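Residue-level structural notes
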Amino acid sequence: MHTPEALAKHFIAYNVKFLGNTEVEQPKGTEIVKDAVRKLKFQRHIKKSEGQKIPKVELQISIYGVKILDPKSKEVQYNCQLHRISFCADDKTDKRIFTFICKDSESNKHLCYVFDSEKCAEEITLTIGQAFDLAYKKFLESGGKDVETRKQIGGLQKRIQDLEAENSELKKQLQVLEEQLMIAQVPPGNGMSPKNPTDIFDMVPFSAMPPLAPLPASNGSAPPPPARPTEMRRDIFGAEPFDPFTCGAADFPPDIQSKLDEMQEGFKMGLTVEGTIFSLDPLEGRC
């Protein structure tokens with residue numbers, strides 16, 4: 001159908017509708033394909049009832065494989081290498097449907113891809129078959145080296161795509177970190193004074209002042225310690241506390257002073273012997 005140069009040096013393109021792909025148990029078989037087509041048609045019918053349209057894709061067929069691309073952006077959605085395709089067929093009951101089974105390179109699962117083409121479903125199937133024949137002939141001519149080279153190239157291309165995606169993600173993370181660093185380095189402005197730190201009770205923490213160094217006296221001797229101010233201590237009722245050791249006789253009226261003298265005379269009657277206190281019992285008249 002096509003010249004060998006068209007499939008070996010270039011590719012044959014078709015615009016079709018992509019129903020999707022689904023995992024199958026076997027790498028080949030007509031019944032396997034039929035079950036996959038029924039499953040994807042049912043899923044597509046549900047999505048169509050929800051208002052979703054069947055996406056259109058572009059197929060690029062060559063001796064290296066079948067690529068599924070976005071028709072507008074030309075972005076590769078799936079790259080099915082020819083040596084991984086194990087089965088290809090068109091539906092005889094529905095002339096628009098054709099499928100092929102390909103082994104996924106990452107999960108090693110067999111996936112059945114189903115497409116809808118209004119006019120050229122059989123032609124696409126024959127084109128894939130012709131690509132198989134040309135690839136097999138080239139394999140025999142090169143002694144199998146060409147296939148291994150393509151496998152290595154395919155692996156390297158996938159590795160490059162993974163590294164590019166990882167690099168893009170790292171660039172995004174680096175940009176976010178740079179923005180956070182710039183925000184952290186912005187000095188406080190707008191004429192506002194910096195706010196003092198507060199504790200958990202929203203109080204400014206106490207900061208002890210350093211002690212003032214005493215000035216030396218004029219004669220070179222150390223200055224006397226500063227006199228502490230006399231503070232008037234009072235009890236909870238606001239009265240000055242009573243101190244019997246600091247008050248004199250002139251501090252009390254005569255009647256109170258006489259009572260204090262009597263108490264002092266009674267206190268003198270106590271005797272202390274080897275740390276033991278003896279007192280007179282006024283009732284019994286004995287110690």
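Up top is the structure.
Within each chain, residue numbers correspond to sequence positions counted from 1 in written order. Selection of residues for local features in this predicted model requires a pLDDT of at least 70, selection of side-chain atom pairs for listing and counting requires 80 or more, and totals for whole chains, interfaces and linings are taken over all residues. To get the side-chain values, take all heavy atoms of the structure and skip hydrogens and water.

**What about the pairing of strand S4 (residues 76-81)?**
Condition: We treat two strands as partners when DSSP finds at least two bridges between them. Secondary structure follows DSSP: runs of H or I at least 4 residues long count as helices, runs of E at least 2 residues long count as strands, and numbering of each begins at the N terminus.
Relative to S4, strand S3 (residues 65-69) is paired through 5 bridges, and the arrangement is antiparallel. Counted as the bridge partner of Val66 is Cys80 from S4. Count of turn residues in the S3/S4 antiparallel hairpin: 6 residues, of which Lys74 carries a positive phi of about 60°.

**Describing unusual backbone geometry**
The backbone phi angle of Lys74 is positive, close to 60°, even though this residue is not glycine. Mapped onto the elements of the fold, Lys74 is located in the loop between S3 and S4. Even without being glycine, Asn108 reaches a positive phi, approximately 60°. Relative to the elements of secondary structure, Asn108 occurs in the loop between strand S6 (97-103) and strand S7 (110-116).

**Focus on the sheet that holds S3**
To keep it simple, the criterion reads: Orientation is described by lines fitted to C-alpha atoms, with helices fitted over the stretch in contact, and by angles between N-to-C directions that extend from 0 to 180 degrees.
Across the sheet, which stays open at both edges, the 7 strands sit in the order S4-S3-S2-S1-S7-S6-S5 with antiparallel pairing between neighbours. One side of each edge strand has no neighbouring strand; the edge strands of this open sheet are S4 and strand S5 (85-90). Sheet twist, expressed as the mean angle between neighbouring strand axes with direction ignored, is 30°. Here 7 bridges tie strand S1 (residues 12-24) to S7, and the two strands are oriented antiparallel to one another. Across the sheet, residue Asn21 finds its bridge partner in S7, namely Tyr113.

**What about the nonpolar core?**
Our working definition: Throughout this description, the term nonpolar core refers to a set of buried Ala, Val, Leu, Ile, Met, Phe, Trp, Tyr and Cys residues connected via side-chain atoms within 4.5 Å. Any residue under 20% of the maximum accessible area for its type is buried, any over 50% is exposed, and the rest in between are partly exposed; the area is computed with a 1.4 Å probe on protein chains only. Contacts are residue-level and defined by heavy atoms, with any inter-residue pair within 4.5 Å sufficient.
Within the largest apolar cluster, 28 residues are counted, with the highest numbers of intra-cluster contacts made by Tyr14, Val16, Leu59, Phe100, Tyr113, Phe115 and Ile124. The element that contributes the greatest number of residues to this core is helix H3 (residues 121-142), accounting for 6 residues. With residues near it in sequence (within four places) discarded, Tyr14 still touches His2, Val57, Glu58, Leu59, Ile61, Cys120, Glu123, Ile124 and Thr127. Counting 10 residues, the second largest nonpolar core, distinct from the first, contains Leu19, Val24, Val33 and Leu40.

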